[in-house]
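Below, each chain spelled out in residue letters.
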Amino acid sequence: MGSELSRAALADMIDETGSTTTKHILRMPTSLDETLANDWLAVAKVTAAADQAATGRAQEIIQVAASSWVDTIKIGDPARPRVDVVDVASYQDWMTQKDFNELYASGVRAAVVKTTQKTNYTNPAAKQQIQYAKAAGLKVSVYHYAQFGSLSSAKAEATYAAAALAQLGLPKSTPVVADIEENDTVTGDVRTNLNAFWQVLSAAGYTNHLVYTGGGYTKNADVIATVGKKATWWAQYPYTPSSSSLWNTDYGAWQFSSTAQLPSQFGQSGGRLIDASIDYAGLFTGVTAPEGPRITDDRYVTLTEINNTLWADFDWTPKQSTNAVLNRTYHSIAKYEHANGSTYLRLVDAQGNDMGLINEKAVSIAAGAQGVWLSHASYATITMANTSLWADFTWNVKASSNQHLGQTVKINGMYHHFNGSTYYSLWAADGTWLGYGHSAVVALEGDSQGQGQPVDDGRYVTIAKSNTPVWSSFDWELKSGSDLYQRTFLAKQQYHHANGQTYLSLYDAEDIWQGYVSERDVQIASGPQGVWLNKSGYATLTRTGRPLYSDFSGQATGASTPLLSNTYQINGEYHTFDGRTYDSLYDLKGQWIGYMDPADFEAGTNPQGVWQSQTGYATVTLKGTSLWRNFEWQPAMRTDAVLGQTFKLNGKYHHANGSTYYSLWRADGSWLGYAHAGAVQLNATPQGNPINDGRYITITSRQPTLWSDFDWQVKSTSQTLYHQTLLSKRLYKHLNGKTYLSLYDAADNWVGYIDEAATQAAAGPQGIWLYQAGYATLTKANKPIYRDFSGQAASTSTSHLGRTYRINGQYHLFNGMWVLSLYDGQGQWKGYMNVEDVETTANAQGVWQSQGGYATISLKGTSIWKDFGWHSSTSTTAVYGQQFRVNGKYRHVNGSTYYSLWRLDGTWLGYVHSGALKLTSTR
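Being a predicted model, the structure only gives us computed values, none of them experimental.

1. Looking at the overall build of the protein
When helices and strands are tallied, the protein shows 7 helices and 68 strands. Relative to the globule expectation of 29 Å for 923 residues, the C-alpha radius of gyration of the protein, 59 Å, shows a markedly less compact shape. Principal axes of the C-alpha set define a box for the protein whose edges measure 170 × 115 × 45 Å. Taken over 923 residues, the protein has a buried fraction of 47%. In the protein, the proportion of contacts linking residues at least 24 apart, taken out of those at least 6 apart, comes to 61%. Element-wise, carbon and sulfur atoms account for 47% of the exposed surface of the protein, whose accessible area totals about 42600 Å². Between the centroid of the 69 positive side chains of the protein and the centroid of its 75 negative side chains there is a distance of 16 Å.

Structure representation (structure tokens):
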């Protein structure tokens, strides 16, 4: 209040934009002077403390550009709210009598002077300010800046304020305002404390009580409750106060600016500020304008009364007669309930121009911006293309004007819309509502009965319906003998009949008139070719030299010969104005081929086209695709199952998809399916083309047949080939279902063709692993032991001489060598050896090895074996220390040596482990 600025005013200046969930940012206007900046900072700190207590957010107070502050306004500016009253305090001690006189001259009629604050402050300028105000003709009211937070302090402040009023000699009827904005007052029961304040003032004779508060005060509802809204002076500052947008009209007065200036100071550097208010209820001026407060309105109205007046203002300055804008629709933005008993509306047009004030009785209230329904009966022809007919005035489209272009329609009413346009309600002849049409869409007519006048047409049309009636006149007499179905004609004229239909006058290519046909029974063509007519199917080009067209000029641009036997999709046909027929051909990729006369190809319903003969053989060369059972693409099998096999051909199809499919048959006469040309290789012989192989194979048949050719001349049936390993350089997948290998030996001699079933593929030139059981004793020194099939020995037999190993399979190598795979008794693999370099046996003890000399039993408690089935004949305990003759030994696969011992009398003792005796050379 006053130019010290109230706390509410300072709080309104806080810009909190940019605050986040974790930080509260308060921006201060840079235009504040030092005193006001300090006051603002104090309010901002209180606000920041309250927010931190409530949310826990960090606080930041910063200075921002002056543009964030409210406008500085000139008192008396008609674009701003009316300034009825100003309030002053010691901050305005600069004001002179001349300044108060200027206020009055600018329309101000009252001043509210600060007198006291708390119990220790009286405005030192109050007496002078009251005198100046009264001398200028202003009504004087006063305010007390309250800081009480308890019942006792409220009474004490009231006593202090009453004493000051008495000293100033103010009448008891003077309005006294309690300025409630200080945070100190929030701590107690504000309503109870303020009522106690009023009781003390009333007891002193001051009974005219008002309150000042605003949205920045948290307990404003309690303050208002002590006097009511109409006795409340409400503070709220728009950034840009405007006379066309008054706020808070339900309060007694509204303080809308703390930055008002006298007209003589406005715009000057250092211009001084005054608080400005509008007095809605005459709280301070004692009078209310006869029109009453501005009440916000938001209705659309149509001016429907003639000979009425639109007023520029409430001094009844005429703006214009309603006759000039009769039936126009405007927006009512405000209304005034005048003391003369009438309600007046403030109207604006769609551009925001002020149209004036109108008595509410001269308008009709509309449901929306379209205005009110206005009766209007006539006929009109829809003449504008490419615009909308509306279903309602929220601009939902009901139809396009193109759908009814040229039609004669009925109008039964209209709206003059707020946007300045007129919209007619349009009806078809059958009673169907077409929608609301803009006045520019139609041409009004006085008479639209009958067919109307002929309108030049010039379009080509195709009769789209069978049994279409053809009229010889508009007396509805049928033209005899006229069957025009699917023919194309020239419509020279058209008639838009009152029955809602359009009729076309048709001529053929010889300019012979055919009759009148309803437009609904034709399709409009883009040229003399007529319209596209639905036709489906497939065309196989079976004739050479037939013309292919790219347009409807009649000049061929291609011929059927390069496309011979191909099948294409028929996608429609044209019956042209000159009587020709063209089918439109496409491949299945959507590529257009051209137009062709249907007499020049063979038509069908199947996309594979016609059957075409083909003989010979085909080898399946592509895996991962299907052989088809039919052309509905049901798979018969995957090509993987017959890859490389050769089959017999008996025909093919050139499918519309651009591919060729061969019909494949097995040698036994069973049908395999249709194969895509890309999946097979054609050849002339039943064995098919040779396929590179490169595998090593081992012959697994005991008496295989090798062929010298595919006329089945036998090359060899030798049993000596059994288990040999050979190189298969090529293979053939024969029509008979068998695969034949072309075999070579290590000397690159061709061996012949063999059925793959008589062989087994090997991992390399070693051939396949072949079963071989038994044992091998290494009795020859310096024989190679191989770790792989490279031919390089890893060791020799010398270090293993006499040892016995288990045979676990054999390999017949490509180079002719036969090797055994040897393991010791613990399952440890020892290597490969040529079968010729070992002695083999079926016994685990190996072969008998000669040994002379004598042996003395040196270990008790072990067995003496009678055989290698481990049958014991006696124990060494029984012959411990005795000497026997040795005549041989076995090196068993278990790694042990067993000596054959004989008594000196020539009887055999048995086999004794080498660890149970001591060998000697003499008795």
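Still to come is the rest of the account.
2. Considering the sheet that holds strand 51 (residues 739-744)
The sheet built from 7 strands is open, its strands ordered 49-48-52-51-50-47-53 with antiparallel pairing. The open sheet has two edge strands with one neighbour each: strand 49 (714-716) and strand 53 (759-761). For strand 47 (residues 691-699) and strand 53, the ladder comprises 3 bridges, and the chain directions are antiparallel. Within strand 53, the residue paired with Ile697 across the bridge is Ala761.

3. Quick word on the side chain of Asp600
Mapped onto the elements of the fold, Asp600 is located in the loop between strand 37 (592-596) and strand 38 (602-604). The exposure class of Asp600 is buried, given its relative accessible area of 7%. Not counting residues up to four positions away in its chain, the partners in contact with Asp600 are Arg543, Arg546 and Pro547.

4. With respect to the pairing of strand 59 (residues 829-834)
Across a regular strand the side chains alternate sides, sitting on one face of the sheet and then on the other. The pairing of strand 58 (residues 818-823) with strand 59 spans 5 bridges and is classified as antiparallel. Bridge assignment links Leu820 to a residue of strand 59, and that residue is Met833. Hairpin connection of strand 58 to strand 59: 5 residues between the antiparallel strands, including Gly827 at a positive phi of 85°.

5. A closer look at the pattern of salt bridges
Tallied over the full model, the rule gives 20 salt bridges. Salt-bridge contacts for Arg80 lead to Asp71; the nearest nitrogen and oxygen are separated by 3.3 Å. Residue classification places Arg80 among the buried residues on the basis of a relative accessible area of 16%. A salt bridge links Lys492 to Asp511; its shortest N-O distance comes to 2.6 Å. Of this pair, Lys492 sits in strand 28 (residues 488-496) while Asp511 is found in the loop between strand 29 (502-507) and strand 30 (513-518), placing the two residues 19 residues apart along the sequence.

6. Examining the confidence of the model for the protein
When pLDDT is averaged along the protein, the result is 90, and 94% of the positions lie at 70 or above. Across residues 64-68, confidence stays below pLDDT 50; counting only partners more than four residues off in sequence or on other chains, it has 10 contacts.

7. Some words on the nonpolar core
Ranked by size, the top nonpolar core spans 47 residues in total, and within it Val86, Leu103, Leu138, Ile180, Leu194, Phe197 and Leu201 carry the most contacts. Per-element accounting of this core gives the leading share, 5 residues, to helix 6 (residues 190-203). For Leu103, the contacting residues outside a window of four places in its chain are Ile75, Val86, Met95, Val108, Leu138 and Leu262. Counting residues in hydrophobic clusters, the runner-up holds 16 residues, among them Ile382, Tyr424, Ala428 and Val442.

8. Considerations on the environment of Leu194
Among the secondary structure elements, Leu194 is positioned in helix 6. Judged by its relative accessible area of 0%, Leu194 is buried. Taking the C-alpha atoms as reference, Leu194 lies 116 Å from Gly616; in sequence the two are 422 residues apart. When residues no more than four places from it in sequence are discounted, the contact partners of Leu194 are Phe148, Ala178, Ile180, Val211, Val223 and Thr226.

9. Some points on the packing of aromatic side chains
Under the counting rule described, the total for this entry stands at 70 aromatic pairs. Each ring, one from Phe393 and one from Trp395, has its centre 5.7 Å from the other, and the planes form 85°; the classification is edge-to-face. A relative accessible area of 15% places Phe393 in the buried class. Overall, Trp395 belongs to the partly exposed group, its relative accessible area being 32%. Between Trp671 and Tyr674, the aromatic rings sit 4.9 Å apart at their centres with planes inclined by 70°, giving edge-to-face as the arrangement. Take Trp671: its relative accessible area is 30%, and that puts it in the partly exposed class. Three or more aromatic residues joined by ring pairs make a cluster, and in this case those are Trp373, Trp390, Phe393, Trp395, Tyr415, Tyr423, Trp427, Trp433 and Tyr436. Above the face of the Tyr251 ring, Lys229 is positioned so that its terminal group lies 4.8 Å from the ring centre.

10. Examining unusual backbone geometry
Of note, Asn307 is a non-glycine position whose phi angle comes to about 60°, a positive value. Mapped onto the elements, Asn307 comes out in the loop between strand 13 (295-303) and strand 14 (309-311). We note that Trp870 has phi near 60°; this positive angle belongs to a residue other than glycine. Mapped onto the elements, Trp870 comes out in the loop between strand 63 (863-865) and strand 64 (872-875). Relative accessible area serves as the criterion here: at 33%, Trp870 is assigned to the partly exposed category.

11. Here's the deal with the sheet that holds strand 38
The strand order 37-36-35-32-38 describes an open sheet built from 5 strands, whose pairing is antiparallel. Single-partner strands in this sheet number two, and they are strand 37 and strand 38. Pairs of neighbouring strands in the sheet enclose a mean axial angle of 40°, with direction left out of account. Alignment of strand 36 (residues 581-586) against strand 37, held across 4 bridges, turns out to be antiparallel.

12. A short note on helix 6
When the terminal C-alpha atoms of helix 6 are compared, their 20 Å separation across 14 residues agrees well with the 20 Å that a helix rising 1.5 Å per residue should span. Restricting attention to buried positions, one finds in helix 6 the residues Val190, Asn193, Leu194, Ala196, Phe197, Trp198 and Leu201. Tucked into the core, helix 6 has its buried residues touching strand 7 (139-145), helix 5 (151-167), strand 8 (176-179), strand 9 (209-214) and helix 7 (220-224). Positioned one or two residues after helix 6, Gly205 has a phi angle of 100°, which is positive.

13. So, the environment of Thr432
Along the chain, Thr432 falls in the loop between strand 24 (422-427) and strand 25 (433-438). Given the relative accessible area of 40%, Thr432 is considered partly exposed. With near-sequence residues (within four places) excluded, Thr432 lies in contact with Leu426 and Trp427.

14. Overview of the packing of helix 5 against helix 6
Relative to each other, helix 5 and helix 6 sit at 30°, their axes nearing to 8 Å. Here helix 5 and helix 6 pass one another in a crossing that is right-handed. Taken together, the residues of helix 6 that come into contact with helix 5 (itself represented by Leu151, Ala154, Lys155, Glu157, Ala158, Thr159 and Ala162) are Thr192, Asn193, Ala196, Phe197, Val200 and Leu201. Each residue belonging to the contact of helix 5 with helix 6 can be placed in one class, and the counts come to 8 nonpolar, 3 polar and 2 charged.

About the criteria used
- Residues numbered from 1 in each chain as written.
- Predicted model: local features only at pLDDT ≥ 70, side-chain atom pairs only at ≥ 80, totals over all residues.
- Heavy atoms only, no water.
- Helix = DSSP H or I, 4+ residues; strand = E, 2+ residues; numbered from the N terminus.
- Rg over C-alpha atoms; globule rule 2.2 N^0.38 Å.
- Buried < 20%, exposed > 50% of the residue type's maximum accessible area, 1.4 Å probe, protein only.
- Contact = heavy atoms within 4.5 Å.
- Areas by Shrake-Rupley, 256 points an atom, 1.4 Å probe, with all protein chains shown as cover.
- Lys, Arg positive; Asp, Glu negative; His and termini not counted.
- Charge placed at Lys NZ, Arg CZ, Asp CG, Glu CD.
- Pairing = 2+ DSSP bridges.
- Salt bridge = Lys/Arg side-chain N within 4 Å of Asp/Glu carboxyl O.
- pLDDT = per-residue confidence, 0-100.
- Core = buried A, V, L, I, M, F, W, Y, C linked by side-chain atoms within 4.5 Å.
- Phe/Tyr/Trp six-rings, centres within 6.5 Å; stacked < 30°, edge-to-face > 60°.
- Lys NZ or Arg CZ within 6 Å of the ring centre and 35° of its normal.
- Axes fitted to C-alpha atoms, helices over the stretch in contact; angles between N-to-C directions.
- Expected span 1.5 Å × (residues − 1).
- Left-handed = near helix turned anticlockwise from the far one by under 90°.
- Nonpolar A, V, L, I, M, F, W, Y, C, P; charged D, E, K, R; others polar.

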